[in-house]
Amino acid sequence: MSAGCPGCGAQVRLPAREVERLLQQYLATHPGPLAAPLVAQSRLAICAACEQRLYGTTCRHCGCLVEIRARLQDQRCPAPQPRW
Ligand code: SF4
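Residues numbered from 1 in each chain as written. Predicted model: local features only at pLDDT ≥ 70, side-chain atom pairs only at ≥ 80, totals over all residues. Heavy atoms only, no water.

Student: Just to check I follow, could you spell out the site of the ligand for this structure?
Tutor: In the vicinity of the ligand there are 13 residues, among which Cys 47, Cys 50, Cys 59, Cys 77 and Pro 78 approach most closely. When each cavity is represented as a set of grid points, the ligand is found to reside in the largest cavity. (Near = heavy atom within 4 Å. 1 Å grid on protein atoms, 1.4 Å probe; cavity = no way out; pocket = protein on both sides within 12 Å on 5 of 7 lines; lining within 4 Å. Sits in = over half its atoms within 2 Å of the grid points.)

Student: What's the story with helix α2 (residues 37-48) in this structure? I'm lost.
Tutor: Given 3.6 residues to a turn, an α-helix orients residues that are three or four positions apart in the same direction. Its twelve residues place the ends of α2 16 Å apart at the C-alpha level, agreeing with the 16 Å of an ideal helix rising 1.5 Å per residue. Packing partners of the buried residues in α2 comprise β1 (53-54) and α3 (66-69). (Helix = DSSP H or I, 4+ residues; strand = E, 2+ residues; numbered from the N terminus. Expected span 1.5 Å × (residues − 1). Contact = heavy atoms within 4.5 Å.)

Student: Help me understand unusual backbone geometry, please; the structure alone is not making it clear to me.
Tutor: When glycine is set aside, most residues are seen to have a negative phi, and most peptide bonds are trans. Positive phi is not limited to glycine here, since Tyr 55 has a value of about 60°. Residue placement: Tyr 55 occurs in the loop between β1 and β2 (58-59).

Student: Please clarify how helix α1 (residues 16-29) should be interpreted in this entry.
Tutor: Relative to the 20 Å expected for 14 residues at 1.5 Å per residue, α1 spans 21 Å between its end C-alpha atoms, a close match to the ideal helical length. All buried positions along α1 are accounted for by Val 19, Leu 23 and Leu 27. All buried residues of α1 lie within an arc of 75° about the axis, which places them on one face of the element. Exposed residues on α1 whose side chains face more than 90 degrees from its buried face are Arg 17, Ala 28 and Thr 29. Turning to α1, the residues buried within the fold contact α3. (Buried < 20%, exposed > 50% of the residue type's maximum accessible area, 1.4 Å probe, protein only. Arc of directions from axis to C-beta.)

Student: Explain the nonpolar core to me, please; I cannot follow it from the model alone.
Tutor: Among soluble globular proteins, nonpolar side chains are generally buried collectively. By size, the foremost hydrophobic cluster in this structure holds seven residues: Cys 47, Cys 59, Val 66, Ala 70, Cys 77, Ala 79 and Trp 84. In this view, Cys 47 contacts Arg 53, Val 66 and Trp 84; residues no more than four positions away in its chain are not counted. (Core = buried A, V, L, I, M, F, W, Y, C linked by side-chain atoms within 4.5 Å.)

Student: Help me understand the pattern of salt bridges in this model?
Tutor: A side chain of one charge can pair with a side chain of the opposite charge if their charged atoms are brought near each other. Under the counting rule described, the total for this entry stands at three salt bridges. Between Arg 21 and Glu 18 there is a salt bridge, with the nearest N and O atoms lying 2.8 Å from each other. Of the two residues, Arg 21 and Glu 18 are both situated in helix α1; the distance of three residues between them amounts to about one turn of the helix. On the basis of relative accessibility, which here comes to 42%, the residue Arg 21 falls in the partly exposed class. Take Glu 18: its relative accessible area is 24%, and that puts it in the partly exposed class. Between Arg 71 and Glu 20 there is a salt bridge, with the nearest N and O atoms lying 2.9 Å from each other. Taken together, the positions of Arg 71 in the segment after α3 and Glu 20 in helix α1 put the pair 51 residues apart, joining distant regions of the chain. (Salt bridge = Lys/Arg side-chain N within 4 Å of Asp/Glu carboxyl O.)

So yeah, pure geometry; function would need other evidence.
Here it is as structure tokens:
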């Protein structure tokens, strides 16, 4: 499978440090509470086993990086039948 988005060619496989940088960038403009570490860990475990996760990083339903979405307290799984 290609590492690029089929729509725009952007890189979609991101190292952890890049995900962290994007999370901090997001929080700079959208300040909000983070999920408790155990909550985020639990969410990410569900995403890790989810067939809707693409490239190991991205949710098919919303296009979000799951590592970021799962760490934001007020977010929910966007699947029609949410998994977390
Ligand atoms: S956010 Fe929900 S639908 Fe998306 S990858 Fe995670 S568990 Fe799957």
